[in-house]
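# A closer look at the structure
Given next are the chains, with one letter for each unit.
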Amino acid sequence: MKIQQLSIFAENKPGHLAACCRLLAENAVDLRALAVADTQHFGILRILVKDADKARAVLEKAGHVVKTTEVLAVEVADQPGGLVRVLGALEGSPLNIEYVYAAPFGRNGKAVLMFRFSDPDAALQRLRDAGITMLSSKEFLG
């Protein structure tokens, strides 16, 4: 149920995001979700793609620093309080949410949020025990 995410480190300058996206497009790598976090001097582009190994090779060949991490694609009711149910399942645990972002994917009235946890395996089990649905790589990435 964990999904491989690529984090690309880049200077926070005009055109860097476009250059990464263009490079992926030129190599037929389809972005399924992305998030950008930045500071004054650098940024981190987090992406989910069907072929993470290919994307990583393309980016590294072009000189980008790429790190692989695991995230969970969690279905959340697309209504007020939907996220509260997920967060409630984590209460009382030592799990930390390092970051979360929305994915442009949903089904049956549910949104999908990508979570990076301090301990993905423990989070996976805790969410399963609470009856919360998570998507596999195949379900999310195709």
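A brief look at the structure comes next. Numbers given for residues are sequential positions, taken from 1 along each chain in its written order. Given that the model is predicted, a residue must reach a pLDDT of at least 70 before its local features are reported, and side-chain atom pairs must reach 80 or more before they are shown or counted; all residues, however, enter totals for whole chains, interfaces and linings. The side-chain numbers reported here are obtained from all heavy atoms of the structure, hydrogens and water having been left aside.

### Things to note about the environment of Ala-130
Tracing the backbone through its elements, the reader meets Ala-130 in the loop between α4 (120-129) and β7 (134-135). Accessibility here uses a 1.4 Å probe with only protein chains present; expressed as a share of the type maximum, an area under 20% marks a residue as buried, one over 50% as exposed, and anything in between as partly exposed. In this structure Ala-130 comes out as partly exposed when scored by relative accessible area, which is 34%. Along the backbone, Ala-130 and Asp-78 are 52 residues apart, and their C-alpha atoms lie at a distance of 18 Å. The contact rule is simple, with two residues in contact once any of their heavy atoms fall within 4.5 Å. Excluding its chain neighbours within four sequence positions, the residues that come into contact with Ala-130 are Arg-85 and Ala-89. Going along the chain from the N terminus, every DSSP run of H or I of four or more residues is numbered as a helix, and every run of E of two or more is numbered as a strand.

### With respect to the pattern of salt bridges
If the charged atoms of two oppositely charged side chains come close together, the side chains can form a pair. Between Lys or Arg on one side and Asp or Glu on the other, a salt bridge is scored when a side-chain nitrogen of the former is within 4 Å of a carboxyl oxygen of the latter. Taken as a whole and judged by the stated rule, the model has 7 salt bridges. Across the pair Glu-60 and Arg-56 runs a salt bridge whose closest N-O atoms are separated by 3.0 Å. Of this pair, Glu-60 and Arg-56 both sit in helix α2 (residues 52-61), separated by 4 residues, roughly a single helical turn. The network of salt bridges with common partners includes Lys-2, Glu-70 and Asp-121.

### Overview of the side chain of Glu-75
Examined against the element boundaries, Glu-75 turns out to sit in strand β4 (residues 65-77). The class for Glu-75 is buried, based on a relative accessible area of 10%. Only 2.6 Å separates the side chain of Glu-75 from the side chain of Arg-107, close enough to count as a polar contact. In protein, a polar contact means a hydrogen-donor-capable atom and an acceptor-capable atom, both N or O and within 3.5 Å, with residues adjacent in sequence counting only if both atoms are side-chain atoms; elsewhere, any N or O pair within 3.5 Å suffices.

### Remarks on the environment of Ile-97
Its place among the elements puts Ile-97 in strand β5 (residues 97-107). In this structure, the C-alpha to C-alpha distance between Ile-97 and Ala-18, residues 79 residues apart in sequence, is 29 Å. Each residue touching Ile-97, except ones within four places of it in the same chain, is listed here: Leu-87, Leu-90, Phe-115, Arg-116 and Phe-117.

### With respect to the layout of surface pockets
Taking a probe equal in size to a water molecule and rolling it over the atoms shows the remaining empty space. The rule is simple: put a 1 Å grid over the protein atoms alone, call a set of points where a 1.4 Å probe fits but cannot get out a cavity, call an open set with protein on both sides within 12 Å along at least five of seven lines a pocket, and count a residue as lining if it has an atom within 4 Å of a point. Grid points are joined across faces, edges and corners, and a volume is the space filled by probe spheres set on the points. Its boundaries defined by the atoms lining it, the largest pocket holds a volume of some 180 Å³. Forming the walls of the largest pocket are 13 residues, and the residues nearest its centre are Glu-11, His-16, Leu-17, Val-36 and Gly-43. Among the elements of the structure, β1 (2-11), α1 (16-26), β2 (31-38) and β3 (42-49) are those that each provide at least two residues to the lining of the largest pocket.

### Brief notes about unusual backbone geometry
Positive phi values are uncommon outside glycine, yet Ala-28 reaches one of about 55 degrees. For Ala-28, the position within the fold is in the loop between α1 and β2. For Asn-108, which is not glycine, the phi dihedral falls at a positive 50 degrees. By secondary structure assignment, the location of Asn-108 is in the loop between β5 and β6 (110-117).

### What to know about the pairing of β2
Two strands qualify as a pair provided DSSP detects at least 2 bridges between them. Strand direction decides the pairing type here: β2 and β3, joined by 7 bridges, are antiparallel. Its bridge partner lying in β3, Val-36 is registered against Leu-45. Once β2 ends, the chain turns through 3 residues before running back antiparallel as β3.

### Thoughts on the side chain of Arg-46
Looking at the secondary structure, you find Arg-46 in strand β3. Charge assignment in this entry is limited to Lys and Arg as positive and Asp and Glu as negative, and neither His nor the chain termini are counted. Although Arg-46 lies buried, it forms no salt bridge, and the closest oppositely charged side chain, Glu-98, sits 7.2 Å away as judged by the N-O distance. Reaching out from Arg-46, the side chain makes a polar contact with the side chain of Tyr-99 at a distance of 3.2 Å. Apart from residues lying up to four places away in sequence, Arg-46 is in contact with Gln-5, Leu-6, Ser-7, Ala-33, Leu-34, Ala-35, Ala-37, Tyr-99 and Tyr-101.

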